[in-house]
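Spelled out, the chains give:
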Amino acid sequence: MGLLSWAIALPAATGIAVLLAPRGSAGLQRAIALLGSLATLAVTCLIWAGFDGTSAALQFEEQRSWIPSAGATYHVGLDGLSLLLVLLTAFLTPLALLGTSWSIQSRLGPYLAFFLFLEAAMIGVFVAFDLLLFYVFWEAMLIPMYFLIGIWGGGRRVYAALKFFLYTMAGSVLMLIAILVVAFLGAQATGHLSFDYADLRAVMVAPGLERWLFLAFAVAFAIKVPLLPFHTWLPDAHVEAPTGGSVILAGVLLKMG
């Protein structure tokens, strides 16, 4: 397993370890979560140290079979832009955990676990080079953030969490449709179905359809940024989210758009 896979797997495994820790052992749960997030940061620093800034090629690339029947592969890699975003995610997560977990008075274990699952999904989004894998990480990221806002947020937390979820899901549906259309066009041209970004870059799309596909992707990402007129979920989410969730929301999630 390569370093990028470790960067994804470590926070997810740490989240499971936190859930398995004895109930009431707040100190142990915090220690496990912090150590796991620091280990993830250490892995990303190793990636940074080994990154060749003079090369435009994809680095730390890993590709293996995932869903052969659907033409999907586990394909991850890193370029200069995603390197910075992965480092930012790994840097902010332990800071947010260290600075905010002591204010959580109830259900600390699930709070920490959701935070770590969110970190794993965010890193996955930044390194995925198979569009179906990218979509899975993109959707997986919504679930822990929804619960962080909905359970540990402020007085209108349920409203804010639902608004965040519905807005982002609407954009995700458009994105999924666009991904499927491009993949099926590629299958018609080549004879085999693939969601790999390298394969889909070569797909020829009619100008009229191309505009609609671009619009579908653009709206999905505009909701995540968010841009006018898709921005109304953000004030509610920021106000109602717990402090740690608000840090990650502003620091990382919005940059996905």
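For the structure, see preceding data.
What you see is a predicted model, and the numbers here were worked out from it, not measured in a lab.

S.K.: Would you mind going over the overall build of the protein with me for this structure?
M.R.: Assigned secondary structure in the protein consists of ten helices and two strands. Going from N to C terminus, the protein has its helices and strands arranged as α-α-β-β-α-α-α-α-α-α-α-α. Against the compact-globule benchmark of 18 Å for 257 residues, the protein has a radius of gyration of 19 Å, which places it among compact chains. With respect to the three principal axes, the spread of C-alpha positions in the protein is 60 × 40 × 35 Å. Across the 257 residues of the protein, 50% fall into the buried class. A separation threshold of at least 6 residues defines the contact pool for the protein, and within that pool the share at least 24 residues apart is 70%. The centroid of the 11 positive side-chain charges in the protein is displaced by 15 Å from the centroid of its 12 negative side-chain charges.

S.K.: So what exactly am I meant to see when it comes to the pattern of salt bridges here?
M.R.: Close approach of charged atoms lets side chains of opposite charge pair. For the coordinates displayed, the defined rule picks out three salt bridges. A salt bridge links Glu62 to Arg64; the nearest nitrogen and oxygen atoms lie 3.5 Å apart. In this structure Glu62 comes out as buried when scored by relative accessible area, which is 9%. We note a salt bridge from Asp236 to Arg156, for which the minimum N-O separation is 3.4 Å.

S.K.: Would you mind showing me how to read helix α2 (residues 26-50) here?
M.R.: Helical geometry: 3.6 residues make up each α-helical turn, so side chains three or four residues apart lie on a common side. Between its first and last C-alpha, α2 extends 36 Å over 25 residues, near the 36 Å set by a 1.5 Å rise per residue. If you check which residues of α2 are buried, you get Gln29, Arg30, Ala33, Gly36, Ser37, Thr40, Leu41, Val43, Thr44 and Ile47. Next to the buried residues of α2 lie α1 (3-20), β1 (59-67), β2 (72-78), α3 (80-100) and α4 (108-127).

S.K.: Explanation requested: the packing of aromatic side chains in the structure shown.
M.R.: Centre-to-centre distance and the angle between the planes together describe a pair of aromatic rings. According to the stated counting rule, one finds eleven aromatic pairs in the structure shown. Taken together, the ring pairs connect Tyr111, Phe114, Phe115, Tyr146, Phe147, Trp152 and Phe165 into an aromatic cluster. Here the guanidinium or amino end of Lys224 rests over the ring plane of Trp138, the centre of that ring lying 5.2 Å away.

S.K.: What's the story with the pairing of β2 in this structure? I'm lost.
M.R.: Across a regular strand the side chains alternate sides, sitting on one face of the sheet and then on the other. Of all seven residues that make up β2, seven are buried, and the element is covered over most of its length. Along β2, one buried face is formed by Ala72, Tyr74, Val76 and Leu78 and the opposite face, lined by Thr73, His75 and Gly77, is buried too. Pairing of β1 with β2 involves six bridges; the strand directions are antiparallel. Within the sheet, the bridge partner assigned to Glu62 lies in β2 and is Val76. In this antiparallel pair of consecutive strands, β1 and β2, the connection spans four residues, and Gly71 shows a positive phi of 75 degrees.

S.K.: Sorry, what's going on with empty space enclosed by the protein here?
M.R.: Gaps between atoms show up when a probe of the same size as a water molecule is rolled over them. Applying the stated criterion to the full structure yields one cavity of 30 Å³ or more. Roughly 30 Å³ of internal volume is contained in the largest cavity. Along the walls of the largest cavity sit Arg30, Leu34, Leu97, Leu98, Ser101, Trp102 and Leu112, which together make up its complete lining. The set of elements that each furnish at least two residues to the lining of the largest cavity consists of α2 and α3. In terms of residue class, the lining of the largest cavity is made up of five nonpolar, one polar and one charged.

S.K.: Please clarify how the side chain of Glu139 should be interpreted in this entry.
M.R.: Here Glu139 lies in helix α5 (residues 131-152). Buried and without a salt bridge, Glu139 has Lys224 as its closest oppositely charged side chain, separated by 7.7 Å. Beyond its immediate stretch of four places on either side in the chain, Glu139 contacts Met169 and Ser172.

S.K.: I keep staring at the nonpolar core and nothing clicks. Help me out?
M.R.: For soluble globular proteins, nonpolar side chains are generally found buried alongside one another. One finds Met141, Ile248, Leu253 and Met256 to be the most contacted residues of the largest nonpolar core, which totals 75 residues. The element that contributes the greatest number of residues to this core is α4, accounting for 14 residues. Residues within four places of Met141 in sequence aside, it is in contact with Leu118, Ala121, Met122, Lys224, Leu253 and Met256.

Analysis parameters
- Residues numbered from 1 in each chain as written.
- Predicted model: local features only at pLDDT ≥ 70, side-chain atom pairs only at ≥ 80, totals over all residues.
- Heavy atoms only, no water.
- Helix = DSSP H or I, 4+ residues; strand = E, 2+ residues; numbered from the N terminus.
- Rg over C-alpha atoms; globule rule 2.2 N^0.38 Å.
- Buried < 20%, exposed > 50% of the residue type's maximum accessible area, 1.4 Å probe, protein only.
- Contact = heavy atoms within 4.5 Å.
- Lys, Arg positive; Asp, Glu negative; His and termini not counted.
- Charge placed at Lys NZ, Arg CZ, Asp CG, Glu CD.
- Salt bridge = Lys/Arg side-chain N within 4 Å of Asp/Glu carboxyl O.
- Expected span 1.5 Å × (residues − 1).
- Phe/Tyr/Trp six-rings, centres within 6.5 Å; stacked < 30°, edge-to-face > 60°.
- Lys NZ or Arg CZ within 6 Å of the ring centre and 35° of its normal.
- Pairing = 2+ DSSP bridges.
- 1 Å grid on protein atoms, 1.4 Å probe; cavity = no way out; pocket = protein on both sides within 12 Å on 5 of 7 lines; lining within 4 Å.
- Points joined across faces, edges and corners; volume = space filled by probe spheres on them.
- Nonpolar A, V, L, I, M, F, W, Y, C, P; charged D, E, K, R; others polar.
- Core = buried A, V, L, I, M, F, W, Y, C linked by side-chain atoms within 4.5 Å.

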